[in-house]
Amino acid sequence: MNKLQIHLMIMLLGMMLGGPVGADIVVVVNEKNPVTGFSHRELVDLYMGRNLHFPDGSLVYRLDQEPDSVIRKDFYRSLVNKSIGQVSAYWAKLLFTGRAMPPQVLNDNNSVLSAVRNNKNAIGYIESINLDNSVKVVARVN
Amino acid sequence: MSIKFHHSLSLRTGVFILIGAALQTLLLSFYFYKQIYNEQLSQADHQIDQLVSTIESSAAVAAYLDNQELAKEVVRGLASNDIVLASSLRSTSGMRIDIGDWVNADGSPTDESKVRHFKLVSPFMPDESTGEILLRPNNEDIEDRANTVARVYVLTLVAHSLGLTLLVILLINGMLTRPLKKLAELLHSTSPGSSDRLPMLRGHRSDEVGQLISDTNELLDSVQITLEEERRLRLYVESVEKRFRLIFEEASCGIALVDDSGRITLSNPSFDAIMSSIVGDESKDTLKFVDLFEDVHLVGELLKGARDSSALSQDLQLASPQRNSRRWLHALFSPVRDEQDELLIECILYDISERARREQRIRQEAERDSLTQLYNRRAGERLLEDALQKAHDEDQMCALMLIDLDRFKPINDTYGHEAGDKVLVSIAERMKEALRDGDLVIRWGGDEFLVFVCPGTQIASVSVIAQKLLDYITKPIEFAAGCEDYVGASIGISLYPQHGDQLSDLINQADKAMYKVKQRGRNHFQIFEPTDHDIGE
């Protein structure tokens, strides 16, 4: 099997398991957070650990989804064009320094939604279909 | 001749191969050393590139995050390599981690040109520069290592070349030079023409050396055959030459070659003997051929004639200081040309003195009276005619004396013929003694003699001569031991030209005068006195 065939199979598998492909992913924060939006770069710096603070200086509480989830895969692919494995390796490399920590992993969209609703400094990403008015969209991926 | 070591093939080939190999090795070493050295340097560069590429992602992350721990880890890792003297990671946001000797031993900062820079980009934003890595390569170490590697390579090359060279030298020496040297020695000790042949060298039967040996032997074969042929021919020529020389040397005739200038260029011993009999042993080189002969002019003409035409022959008299030892030679002249095409005259001389003497003796026997050795009457008449002619030509006065012995017959009868002969011989000798060489004495008859003298113009001297003759004749003669006697003589004389110019007349007149002496009592002389009767006749 060549690479193309592998890609095709993965795509088919994704379609069967994870609903509609290419569904919009939105990055959300607490309603009370003063931030209005993030550029792509600002989002990368936040999620990859370079910038750990919101513009007002408060520490960012980052939320991630299940490592095996399609949304996480799609999110990082869109954000930094890297696979989950590459991102995990990135964090593993930094682990020993004790200075950079990966985002907090939650189970699903709803867990993320509720965590963002409850924490003013939280930031997370969910599928747009799960969006409600209790959170503020600061960026849209895809 | 032995070949000196420094000229020998083995040394020279060895030296040439060594020099060639050394030159080649030197050039190759030089080239390879440079090549390998540079290769090592670029390899070190490449190594540094690789080194950096292995930590590049970590370094990029460290610069991206300004993560000092990670940066230190990376930089330390780099600096721990031998080829890195110092390393540094700088992020665009200001983080700077330096490890290693960024300053020289003397405290001066590192030369910027020796520092290598590697740009770092964000791991997530490839277009965003996040910092750079600086490396100071350990050039000294790199160069040392490059040196070592290149040197090892060159040493290997040299050892390889040396080994190969030695092998080639040994092979050439063993396969080529040694057999050639051996061959040269063998050939050198072989004398051409002998039956010596070169032995086949072991292991070379079917190669070029073997072929050289067999070809050389073939050559020696043909040389031997040729030399033997030549030797046989030379011996033959020598024997022929010896025989020719024998003929030349031992010939009884004198043989000589005379050149254009009349000098004798070659002569055999017989000729030399003829020469030394004439001129002694004095300079034969300067002697001219013609000088050997009495008639120089004639011989010169003969030589010229032989040169112009063909062979000439002539009886010639040798020049001689003594008149009585004259030698006669029969000479043969013929022209010959030598190798230089010079015309020479070959002269062959036979000694014919003996023959000439024999001829003279025969003539003498015919002319002379065998007992007294005086001219006989027949020869005497001819001689008298000649003498008269000569006297006429020279206008001389001469006297003809007719002598008749007295008392000869009684002696002959008394003592015998032998005594008579003895008397005649003695009288003949005495008359010759009394007269000069040029005077003629002839035995005219049994005891009758005739003398012809030309004493000059004086009649008186004729009388003196006649008296002298009488005196000599009348002396006693010892014709046997203790037995002697004497004879007398009656001499009648006629004079030329007073009494006539005809021989018969003169003889007649002398006879008449003698008759008168006999009538008057013998033992006297009388000059003819013409009477009227005589004049009238």
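Above this note sits the structure.
Residues numbered from 1 in each chain as written. Chains lettered and ligands numbered in written order. Predicted model: local features only at pLDDT ≥ 70, side-chain atom pairs only at ≥ 80, totals over all residues. Heavy atoms only, no water.

Colleague: Honestly, the overall build of chain B in this entry has me stumped. Any pointers?
Modeller: When helices and strands are tallied, chain B shows 13 helices and 16 strands. Contacts spanning at least 24 positions in sequence make up 59% of the contacts within chain B whose residues lie at least 6 apart. Accessible surface computed for chain B: about 31,700 Å², of which carbon and sulfur atoms make up 53%. (Helix = DSSP H or I, 4+ residues; strand = E, 2+ residues; numbered from the N terminus. Contact = heavy atoms within 4.5 Å. Areas by Shrake-Rupley, 256 points an atom, 1.4 Å probe, with all protein chains shown as cover.)

Colleague: Please explain the pattern of salt bridges as it appears in this structure.
Modeller: Residue and element names in this part refer to chain B. This structure, assessed with the given rule, holds 25 salt bridges over all chains. For the salt bridge of Arg-443 with Asp-369, the shortest nitrogen-to-oxygen distance reads 3.0 Å. In this pair, Arg-443 is assigned in strand β11 (residues 440-443) and Asp-369 in the loop between α7 (353-367) and α8 (377-394), connecting sequence segments 74 residues apart. Note on accessibility: Arg-443 and Asp-369 belong to one class, buried. (Salt bridge = Lys/Arg side-chain N within 4 Å of Asp/Glu carboxyl O. Buried < 20%, exposed > 50% of the residue type's maximum accessible area, 1.4 Å probe, protein only.)

Colleague: Just to check I follow, could you spell out the sheet that holds strand β1 (residues 84-91) of chain B for this structure?
Modeller: Picture the strands of a sheet paired through backbone hydrogen bonds; they go either parallel or antiparallel. All names here are of chain B. The sheet built from four strands is open, its strands ordered β2-β1-β4-β3 with antiparallel pairing. Where the open sheet ends on each side, the last strands, each with one partner, are β2 (96-100) and β3 (116-121). Each adjacent strand pair in this sheet contributes to an overall mean axis angle of 15 degrees, direction not counted. The pairing of β1 with strand β4 (residues 129-137) spans seven bridges and is antiparallel. Looking at β4, one finds that Ala-86 is bridged to Arg-136. Across the sheet, helix α1 (residues 9-65) touches β1, β3 and β4, and the angle it forms with β3 is around 40 degrees. (Pairing = 2+ DSSP bridges. Axes fitted to C-alpha atoms, helices over the stretch in contact; angles between N-to-C directions.)

Colleague: Explanation requested: unusual backbone geometry in the structure shown.
Modeller: Leave glycine aside and you will find that most residues have negative phi; peptide bonds, for their part, are mostly trans. All names here are of chain B. With an omega of 0 degrees, the peptide bond running from Tyr-496 to Pro-497 counts as cis. Position of Pro-497 relative to the elements: it lies in the loop between β15 (488-496) and α12 (503-520). Phi at Asp-66 is positive, roughly 55 degrees, even though this residue is not glycine. Note on placement: Asp-66 falls in the loop between α1 and α2 (68-79). What makes Asp-66 partly exposed here is its relative accessible area of 25%. One non-glycine residue with positive phi stands out, namely Gln-373, at about 60 degrees. Note that Gln-373 resides in the loop between α7 and α8. For Gln-373, a relative accessible area of 36% corresponds to the partly exposed category.

Colleague: Got a minute to help me understand α1(B) in this structure?
Modeller: A turn of α-helix holds 3.6 residues, and therefore any two residues three or four places apart point the same way. All names here are of chain B. Over its 57 residues, α1 runs 80 Å from end to end, which matches the ideal 84 Å to within 8%, given 1.5 Å per residue. A maximum bend of about 50 degrees is found in α1 at Glu-56. A positive phi of about 55 degrees marks Asp-66, the residue just after α1. (Expected span 1.5 Å × (residues − 1). Bend = angle between axes of the 7 residues up to and from the residue.)

Colleague: Even after reading the chapter, I still don't get the environment of Ile83(B), so can you show me in this structure?
Modeller: By the element assignment, Ile83(B) lies in the loop between α2 and β1. Taking the C-alpha atoms as reference points, Ile83(B) and Glu140(B), 57 residues apart in sequence, are found 8.7 Å from one another.

Colleague: Looking at this model, I keep getting lost on the interface of chain A and chain B. Mind explaining?
Modeller: Quoted interface sizes are often the accessible area lost when the parts come together. The interface is formed by 15 residues belonging to chain A together with 15 residues belonging to chain B. Taken together, both faces of the contact between chain A and chain B bury some 1,500 Å²; the carbon and sulfur share is 60%. When residues of chain A are sorted by the area they lose upon contact with chain B, Arg41(A), Arg50(A) and Lys93(A) head the list and together hold 39% of the total. The tally of links between chain A and chain B comes to two salt bridges. The tally of links from chain A across to chain B stands at seven residue pairs in polar contact (both at pLDDT 80 or more). Put simply, the parts of the chain that give the side of chain A that touches chain B at least two residues each are α2 (40-47) and α4 (84-95) of chain A. Broken down by element, the side of chain A that touches chain B gets its largest block of residues, four residues, from α2(A). (Buried area = accessible area lost by both parts, 1.4 Å probe. Polar contact = N/O pair within 3.5 Å; in protein donor to acceptor, adjacent residues only side chain to side chain.)

Colleague: Before we go on, may I ask you to explain the packing of helix α9 (residues 408-415) of chain B against helix α10 (residues 417-434) of chain B in this structure?
Modeller: Residue and element names in this part refer to chain B. Closest axis-to-axis distance for the α9/α10 pair is 6 Å, and the angle between their directions is 140 degrees. Comparing their axes, α10 and α9 come out oblique. Only His-417, Ala-419, Gly-420, Val-423 and Leu-424 of α10 make contact with α9, whose side of the interface consists of Phe-408, Ile-411, Asn-412 and Tyr-415. (Parallel < 35°, antiparallel > 145°, perpendicular 65-115°, else oblique.)

Colleague: Whenever I open this one, the sheet that holds strand β9 (residues 343-351) of chain B confuses me. Can you help?
Modeller: Residues and elements named next belong to chain B. Read from one edge to the other, the open sheet built from five strands follows the order β6-β5-β9-β8-β7, with strand pairing classed as antiparallel. Of all strands in the sheet, those bounded by a partner on one side alone are β6 (264-267) and β7 (312-317). Across the sheet, the mean angle from the axis of one strand to that of its neighbour is 25 degrees, orientation sign disregarded. Alignment of strand β5 (residues 254-258) against β6, held across three bridges, turns out to be antiparallel. For Val-258, the partnering residue across the bridge sits in β6 and is Ile-264.

Colleague: Any chance you could explain the side chain of Asn138(B) here in plain terms?
Modeller: Tracing the chain through its elements places Asn138(B) in the loop between β4 and α3 (139-188). Contact partners of Asn138(B), with chain neighbours within four places excluded, come to Asp82(B), Ile83(B), Val84(B) and Leu85(B).

Colleague: Help me out: how do you make sense of the environment of Ala391(B) in this one?
Modeller: All names here are of chain B. Position of Ala-391 relative to the elements: it lies in helix α8. In this structure the C-alpha to C-alpha distance between Ala-391 and Cys-454, which are 63 residues apart in sequence, comes to 7.9 Å. Excluding residues within four positions of it along the chain, Ala-391 makes contact with Gln-396, Cys-398 and Tyr-496.

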